[in-house]
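Understanding the architecture of this molecule
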Amino acid sequence: MSPGAVAEPLRDPGLQPERTRLAWRRTTLSGTVAAVLAVKTALHGGVSVVGLVVCALCIGLWLAFLALAHRRISVLASSAEPAALAPRHATATVLFTVALALCGAALVL
C-alpha cells in the first residue's frame with residue numbers, strides 16, 4: 001500500500017446471508033406445496049398412466065430442487081462470507097422451478 005492510500009473497509013454483509021437463507025427456505029416450501037398439489041391432482045378422479053408419469057416427474061423435479069436448495073442453505077449458514085452461487089446451480093434451480101410449474105399446469109389442463 002502506498003503512503004497516503006486509504007484502506008478499503010471489509011464488506012459487512014449484515015443480515016443479507018440470513019435473509020437469503022430464509023428466502024431459499026420459503027421457495028422450498030412453495031415448491032413442496034406445488035408438488036403435493038400436483039400429486040393430489042394427479043391422483044384425484046382415478047389413476048392414469050399419464051397422471052402417474054407427470055406425478056413422478058413433479059416429485060423428481062421437487063427432489064432435485066430440494067437438494068440444490070439444501071446445499072445453498074448449508075453454504076449460507078456455514079460461513080460469514082458465503083461463496084457466490086455457481087451459475088450452473090442457478091440455472092439448474094431456475095429450470096427445475098419452471099419445469100415443476102409446467103408439470104403442475106399440465107396436470108390441471
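These figures come from a predicted structure and were not determined experimentally.

Secondary-structure assignment places Ala83 in the loop between α2 (49-78) and α3 (87-108). Each C-alpha atom, one on Ala83 and one on Arg72, is 9.6 Å from the other, the two residues being eleven residues apart in sequence.

Moving on, we get to the pattern of salt bridges. Summed over the entire model, instances satisfying the criterion amount to one salt bridge. Put simply, Glu18 and Arg21 hold a salt bridge, and the shortest N to O gap is 2.4 Å. Of this pair, Glu18 and Arg21 both sit in helix α1 (residues 16-43), three residues apart, roughly one helical turn. Exposure remark for Glu18: the relative accessible area of 34% places this residue in the partly exposed category. Relative accessible area serves as the criterion here: at 18%, Arg21 is assigned to the buried category.

As annotated by UniProt and renumbered to match this structure, "transmembrane region" (unreviewed entry) occupies residues 47-69 and 90-108. Secondary structure within residues 47-69 divides into 91% helix and 0% strand; the distance between the first and last C-alpha atoms comes to 31 Å. Strand forms 0% of residues 90-108 and helix 100%; the C-alpha atoms that close the span are 27 Å apart.

Along an α-helix, residues three or four positions apart point the same way, because every turn accommodates 3.6 residues. The terminal C-alpha atoms of α2, which comprises 30 residues, lie 43 Å apart, in line with the 44 Å expected from a rise of 1.5 Å per residue. Listed in full, the buried residues belonging to α2 are Gly51, Val54, Cys55, Cys58, Leu61, Phe65, Leu68, Ala69, Arg72, Ile73 and Leu76. Contacts made by the buried residues of α2 are with α1 and α3.

What counts, and at which threshold
Residues numbered from 1 in each chain as written. Predicted model: local features only at pLDDT ≥ 70, side-chain atom pairs only at ≥ 80, totals over all residues. Heavy atoms only, no water. Helix = DSSP H or I, 4+ residues; strand = E, 2+ residues; numbered from the N terminus. Salt bridge = Lys/Arg side-chain N within 4 Å of Asp/Glu carboxyl O. Buried < 20%, exposed > 50% of the residue type's maximum accessible area, 1.4 Å probe, protein only. UniProt positions renumbered as here; feature names shortened; annotations may be inferred. Expected span 1.5 Å × (residues − 1). Contact = heavy atoms within 4.5 Å.

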